[in-house]
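In case you want the letters, here they are:
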Amino acid sequence: MINLAPQKMFRKRVVEKSLTELSNRTMVKPDSVRSVACLIDLSILEDMDLDRYIKELFQIQKNRITKIYYAPNPSKDLSLYHPQFNNRHLHWDGTLLHPMKKKVLSKKYDLLFNFFWKDNLVLQSISSQIKAGFRVGYVTADHRLNDLMLGEENKKADQFFNTFNTFFLKINTDE
């Protein structure tokens, strides 16, 4: 029987290192938002029309919005969501293995929305590797992942984006 505990510890250590590096970065609130990434946990997705809300807020085209999906296990029911990461994509050594990894993680985004409530190593790893100037997510997730954290009462898309917009407009990063 193979003992998987050392592999899990190693993966966790690699992800923790990535999160620590992320927490030491400088937050950059963009003057104008031209590109947006959304990391979406499909288990909480409530048929949000993200494109519509983001287009209304920032007047950007749909092709400037990148959606990255996560489901714990691969499923034919979720095959429409692409690119989709799952638990199998986090290798034993803590690296992400996915055919779309380079395409998704090499781009720079003005803004990242982390649409997940609970942490897990795969979501933390993906989020920490996305290059975004400003990061938004839920207060229930690891605080190192987000510059602006919204409460759980913002589960519906309209609540989320209304609350986000209220606070985002008030943030001043000029020193």
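The preceding data block contains the structure.
Here the structure is a predicted model, which means the values were calculated and not measured.

Engineer: Help me understand the sheet that holds strand S1 (residues 36-41) in this model?
Structural biologist: Within a sheet, each strand pairs with its neighbour through backbone hydrogen bonds, oriented either parallel or antiparallel. In spatial order, the strands read S3-S2-S1-S4-S5-S6; together these 6 strands make up an open sheet with parallel pairing. Sheet topology places strand S3 (84-85) and strand S6 (148-150) at the edges, where each strand pairs with a single neighbour. Here 5 bridges tie S1 to strand S4 (residues 108-115), and the two strands are oriented parallel to one another. In the sheet register, Cys 38 faces S4, and the bridge partner there is Phe 113.

Engineer: I keep staring at the layout of surface pockets and nothing clicks. Help me out?
Structural biologist: It is a probe the size of a water molecule, rolled over the atoms, that shows where empty space is left. In this structure, the largest pocket encloses a volume near 160 Å³. Forming the walls of the largest pocket are Asn 63, Ile 65, Thr 66, Lys 67, Pro 83, Met 100, Lys 103, Val 104, Lys 107 and Tyr 109. At the level of elements, strand S2 (65-70) and helix H3 (101-105) are the ones that each hand at least two residues to the lining of the largest pocket. Grouping the constituent residues of the lining of the largest pocket by class yields 5 nonpolar, 2 polar and 3 charged.

Engineer: Any chance you could explain the pairing of S1 here in plain terms?
Structural biologist: On a regular strand, one side chain projects to one face of the sheet and the next to the other, so that they alternate. Within S1, 6 of the 6 residues are buried, which leaves it mostly tucked inside the rest of the structure. The two faces of S1 match: Val 36, Cys 38 and Ile 40 on one face and Ala 37, Leu 39 and Asp 41 on the other face are all buried. Bridge count for S1 against S2 is 6 bridges, and the pairing is parallel. Bridge pairing in S2 links Cys 38 to Lys 67.

Engineer: Honestly, the side chain of Gln 84 in this entry has me stumped. Any pointers?
Structural biologist: Within the secondary structure layout, Gln 84 lies in strand S3. At 2.8 Å, the side chain of Gln 84 and the backbone oxygen of Leu 78 are in polar contact. A distance of 3.2 Å separates a polar side-chain atom of Gln 84 from the backbone oxygen of Tyr 81. Contact partners of Gln 84, with chain neighbours within four places excluded, come to Leu 42, Tyr 69, Ala 71, Leu 78, His 89 and His 98.

Engineer: Honestly, helix H2 (residues 50-58) in this entry has me stumped. Any pointers?
Structural biologist: Each α-helix turn comprises 3.6 residues. Residues three or four places apart therefore point the same way. Turning to H2, its buried residues are Leu 50, Asp 51, Tyr 53, Ile 54 and Phe 58. Looking down the long axis of H2, one finds its buried residues gathered within 165 degrees of arc, a one-sided arrangement. Each element contacted by the buried residues of H2 is listed here: S1, S2, S4 and helix H5 (157-170). Once H2 finishes, Gln 59 follows within two positions and takes phi at roughly 50 degrees, a positive value.

Conventions used here
Residues numbered from 1 in each chain as written. Predicted model: local features only at pLDDT ≥ 70, side-chain atom pairs only at ≥ 80, totals over all residues. Heavy atoms only, no water. Pairing = 2+ DSSP bridges. Helix = DSSP H or I, 4+ residues; strand = E, 2+ residues; numbered from the N terminus. 1 Å grid on protein atoms, 1.4 Å probe; cavity = no way out; pocket = protein on both sides within 12 Å on 5 of 7 lines; lining within 4 Å. Points joined across faces, edges and corners; volume = space filled by probe spheres on them. Nonpolar A, V, L, I, M, F, W, Y, C, P; charged D, E, K, R; others polar. Buried < 20%, exposed > 50% of the residue type's maximum accessible area, 1.4 Å probe, protein only. Polar contact = N/O pair within 3.5 Å; in protein donor to acceptor, adjacent residues only side chain to side chain. Contact = heavy atoms within 4.5 Å. Arc of directions from axis to C-beta.

In short, the description is geometric, and any link to function would need to be established separately.
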